[in-house]
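Summary of structural features
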Amino acid sequence: MLGPRHWPYRLHLRLRSLFRRREVERDLEDELAFHLAMQAEVNRQAGMSESNAQLAARRQFGGVTQQQEACRDRIFGWIESFGTDLRYAARSLKRTPAFAAFVMLTLAFGVGANVTIFSLVNAVLLESLPFPDADKIVAIPGAISVPDYEYYAQDSRVFAGVAAWVDESMTLLVAGSPERVRGARASASFFPVLGVTPLFGRSFRSEEDRPGGAPVVMLSYHAWQDRFGGDREIVGKPIRVNADNLTVIGVLPPSFWFPGEPVEVWVPRVFDNRFVSLQMIRNGAGILTDTIARLRPGVTLDQGEAALRTMNADFIRLGLHLQPIQRSGTADIRPSLLLLWGAAGCILLVTCANIASLLLARATGRRKEIAVRLALGVSRPRLARQLLTESIPIAAGGGVLGWLLARVGVTAVTTLTGHNLTGWRQIEMGNSVLAFAIGVSGLSALLFGLAPAFQSLRRDPQDGLKDSRHGDTSGTQTRLRSALVIAEIAVAAALAMSAALLAQSYARMLTLRTGAQPEGLVTASLHLPDARYGTSQARVQFYDELLRRLRDLPGVTNAGATSALQLQSKGEGSMTWPEGANVDPVKPPI
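Residues numbered from 1 in each chain as written. Predicted model: local features only at pLDDT ≥ 70, side-chain atom pairs only at ≥ 80, totals over all residues. Heavy atoms only, no water.

**Considerations on the overall build of the chain**
Helix and strand content of the chain: 20 helices and 12 strands. Going through the 590 residues of the chain one by one, you find that 38% of them count as buried. Within the chain, contacts between residues separated by at least 24 positions form 75% of all contacts whose residues are at least 6 apart in sequence. Accessible surface, the chain as shown: approximately 34,200 Å² in total, 58% of it carbon and sulfur. (Helix = DSSP H or I, 4+ residues; strand = E, 2+ residues; numbered from the N terminus. Buried < 20%, exposed > 50% of the residue type's maximum accessible area, 1.4 Å probe, protein only. Contact = heavy atoms within 4.5 Å. Areas by Shrake-Rupley, 256 points an atom, 1.4 Å probe, with all protein chains shown as cover.)

**Considerations on the packing of aromatic side chains**
Using the criterion set out here, one finds 14 aromatic pairs in the structure. Between the aromatic rings of Trp165 and Phe190, the centroid separation amounts to 5.7 Å while the plane-to-plane angle is 55 degrees, which identifies the pairing as tilted. On the criterion of sequence distance, the pair formed by Trp165 in strand S3 (residues 159–174) and Phe190 in helix H7 (residues 190–194) is long-range, its members being 25 residues apart. Note on accessibility: Trp165 and Phe190 belong to one class, buried. Between Phe191 and Phe204, the ring centres sit 6.1 Å apart and the planes meet at 50 degrees, which makes this aromatic pair tilted. Of this pair, Phe191 sits in helix H7 while Phe204 sits in the loop between strand S5 (200–201) and strand S6 (216–219), and the two are 13 residues apart along the sequence. Overall, the relative accessible area of 1% leaves Phe191 in the buried class. (Phe/Tyr/Trp six-rings, centres within 6.5 Å; stacked < 30°, edge-to-face > 60°.)

**Here's the deal with the pairing of strand S7 (residues 238–241)**
Here S7 shows one buried face, formed by Ile239 and Val241, and one open face, formed by Pro238 and Arg240. Alignment of S3 against S7, held across two bridges, turns out to be antiparallel. By the bridge assignment, Leu173 is partnered in S7 with Arg240. Sheet analysis places S7 next to strand S8 (residues 244–251), joined by four bridges and oriented antiparallel. Following the sheet pairing, Val241 is matched in S8 by Asp244. Counted between consecutive antiparallel strands, the loop separating S7 from S8 contains two residues, among which Asn242 sits at a positive phi close to 55 degrees. (Pairing = 2+ DSSP bridges.)

**Some remarks on the packing of helix H15 (residues 380–389) against helix H16 (residues 391–417)**
H16 packs onto H15 with a crossing angle of 15 degrees between their chain directions and a minimal axis gap of 4 Å. In this view, H15 runs roughly parallel relative to H16, as classed from their interaxial angle. Counting all contacts with H15, which are made through Leu387, Leu388 and Thr389, the residues of H16 involved are Ser391, Ile392 and Pro393. Tallied by class, residues from the contact of H15 with H16 come to four nonpolar, two polar and no charged. (Axes fitted to C-alpha atoms, helices over the stretch in contact; angles between N-to-C directions. Parallel < 35°, antiparallel > 145°, perpendicular 65-115°, else oblique. Nonpolar A, V, L, I, M, F, W, Y, C, P; charged D, E, K, R; others polar.)

**Structural notes on unusual backbone geometry**
Positive phi, normally seen in glycine, also occurs at Asp133, with a value near 50 degrees. Along the polypeptide, Asp133 turns up in the loop between helix H5 (97–126) and strand S1 (137–140). The backbone of Arg269 sits at a positive phi, close to 60 degrees, despite the residue not being glycine. Among the structural elements, Arg269 can be located in the loop between strand S9 (265–267) and helix H9 (278–282). Given a relative accessible area of 12%, Arg269 falls into the buried group.

**Some remarks on a nonpolar patch on the surface**
Judged by side-chain polarity, Leu349, Leu443, Leu446, Leu447 and Leu450 come together as a nonpolar surface patch covering roughly 420 Å² of accessible area. A total of four residues in the nonpolar patch trace back to one element, the largest contributor, which is helix H17 (residues 431–458). Note that Leu443 resides in helix H17. Given a relative accessible area of 45%, Leu443 falls into the partly exposed group. (Patch = residues over 30% accessible without salt bridge, like charges linked within 9 Å, V, L, I, M, F, W, Y side chains within 5 Å. Salt bridge = Lys/Arg side-chain N within 4 Å of Asp/Glu carboxyl O.)

**Concerning the nonpolar core**
Leu107, Val115, Ile394, Met429 and Phe448 are the most contacted members of the largest nonpolar core, which totals 37 residues. Where this core is concerned, the elements lending two or more residues are H5, helix H13 (334–364), H16 and H17. The dominant element in this core, judged by the number of residues it contributes, is H5, at 14 residues. (Core = buried A, V, L, I, M, F, W, Y, C linked by side-chain atoms within 4.5 Å.)

**Some thoughts on the side chain of Thr351**
Within the secondary structure, Thr351 is located in helix H13. The residues touching Thr351, leaving out its near neighbours within four places in the chain, are Thr106, Leu107 and Gly110.

**Describing the pattern of salt bridges**
Considering all chains together, one arrives at 10 salt bridges under this definition. Close ionic contact of Asp167 with Arg182 constitutes a salt bridge, the shortest N to O distance being 3.0 Å. Of the two residues, Asp167 is situated in strand S3 and Arg182 in strand S4 (residues 177–186); the sequence distance between them amounts to 15 residues. On the accessibility criterion, Asp167 (37% relative accessible area) is partly exposed. Linking Arg227 and Glu264 is a salt bridge whose minimum nitrogen-to-oxygen distance equals 2.5 Å. Taken together, the residues Arg227 in helix H8 (residues 221–228) and Glu264 in the loop between S8 and S9 connect sequence positions 37 residues apart. We classify Arg227 as partly exposed; its relative accessible area is 23%. Assessed through its relative accessible area of 12%, Glu264 is described here as buried.

Now the structure itself:
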């Protein structure tokens with residue numbers, strides 16, 4: 001007899017009997033015929049004739065048909081009983097269509113909310129980035145100076161490559177119309193470190209990354225499709241970016257996705273900075289706040305971090321740590337998504353508690369039926385299994401409706417947020433999301449099906465057979481209902497208080513005293529092209545003239561300009577000193 005350690009083999013036999021029933025039937029007939037022949041052979045060796053040996057073997061064996069039925073019950077009995085329970089549950093729900101529809105819709109909202117949030121979590125936090133060995137790509141924290149960057153890049157013991165990029169708002173001229181797009185400056189090693197090969201064309205070369213290098217540009221797949229109509233002859237053509245003519249050298253593949261907001265235009269020379277002179281950069285101004293590296297094969301994250309600590313004492317002093325690029329790039333949105341996922345889970349718990357209460361109330365009307373079945377000899381575990389099986393059609397219907405609601409929810413989220421939530425990465429409801437939806441539906445069936453099943457195990461048949469006008473007075477059922485109601489109220493109250501606190505925080509944020517008077521205040525952002533306003537004097541003249549004209553407009557009382565708008569700038573890498581202060585341009589007070 002198979003022991004507990006042989007459960008995988010038993011599971012294999014069960015699955016085989018479920019999906020290959022005809023083959024199992026043939027094997028059963030062959031095995032019974034073999035045992036019958038062996039018994040007949042024993043009888044022949046004992047001196048019986050052929051006919052008597054066969055007849056005696058059938059008598060000793062106990063009847064082939066009876067043995068077949070007994071074995072068939074052991075092998076297929078659980079399948080047939082499960083099918084019977086499902087058919088009974090379907091007929092039972094069909095007799096009460098309003099109840100079935102209400103319960104399925106209730107469950108659909110809980111499942112739909114969870115699947116919608118999980119689709120976002122899966123796309124942003126769980127799915128690996130579309131890069132080769134993405135777990136080897138790490139983000140180097142802190143503001144890094146160019147000398148430190150070059151020092152890291154030269155250390156081949158730990159890093160296979162080091163790259164940097166800087167976000168920059170750019171003006172792209174498309175069909176004679178200027179459009180503001182999100183761009184970035186990237187080092188020549190950026191795409192090789194990520195392991196990204198352009199869809200067609202090439203990446204940046206090292207000579208293009210130096211001051212005075214060739215004016216080139218790379219386009220994202222979506223910018224190529226949406227703004228240039230998917231022109232396959234775009235490589236080699238000049239386009240207008242920030243009033244400069246840049247030659248397109250490549251188009252990135254559609255699978256390219258980098259954490260953060262989507263970038264449409266990539267240009268080289270990450271060290272070009274209109275706010276910091278080249279001499280200041282060489283003196284160690286920390287201008288690189290976005291730096292990544294690829295660890296060499298066999299080098300762990302801890303080993304890479306230990307190497308950086310020996311190279312730069314700031315890692316120890318500031319307590320900095322290397323992080324996988326996916327975790328680093330989604331650090332801002334991760335808490336919000338996990339909080340939403342937890343809230344959706346609480347909604348599902350409230351939903352299951354509500355459905356369990358409804359099923360308990362429904363079971364009250366069936367108390368005599370259950371009592372009669374118990375009195376006729378049906379075992380309590382068999383009855384509990386049948387009641388638990390009745391939750392499967394509800395879970396299946398609610399899961400299908402929840403999946404449809406989740407598709408609507410994902411479409412709505414994508415429409416409202418655009419690509420600001422996940423970059424260019426699409427929120428796909430693929431196999432992993434489908435598996436999650438099936439798992440959530442199955443877990444829900446177990447949660448709200450346990451209450452009536454547990455009640456059936458504790459019920460006294462005599463109580464159910466008594467004709468009482470006061471209904472079921474079972475203490476077990478009363479305690480179950482009370483526990484479900486208390487749990488439902490507790491979770492709902494926690495969600496309500498969280499929502500109230502969130503609304504209160506938002507209201508306080510709207511009335512926060514920032515030191516400025518927002519009434520009648522209008523803001524606008526500008527990006528001056530370096531080709532025309534490459535010097536500080538040119539920029540100062542432009543803004544002086546702009547402010548003069550704005551102040552002359554009717555209804556305008558005052559106008560000003562800043563490089564860091566209040567409540568919109570994190571202040572990273574900012575240089576601040578009093579107006580009129582004597583500042584050394586070579587060694588500013590950074």
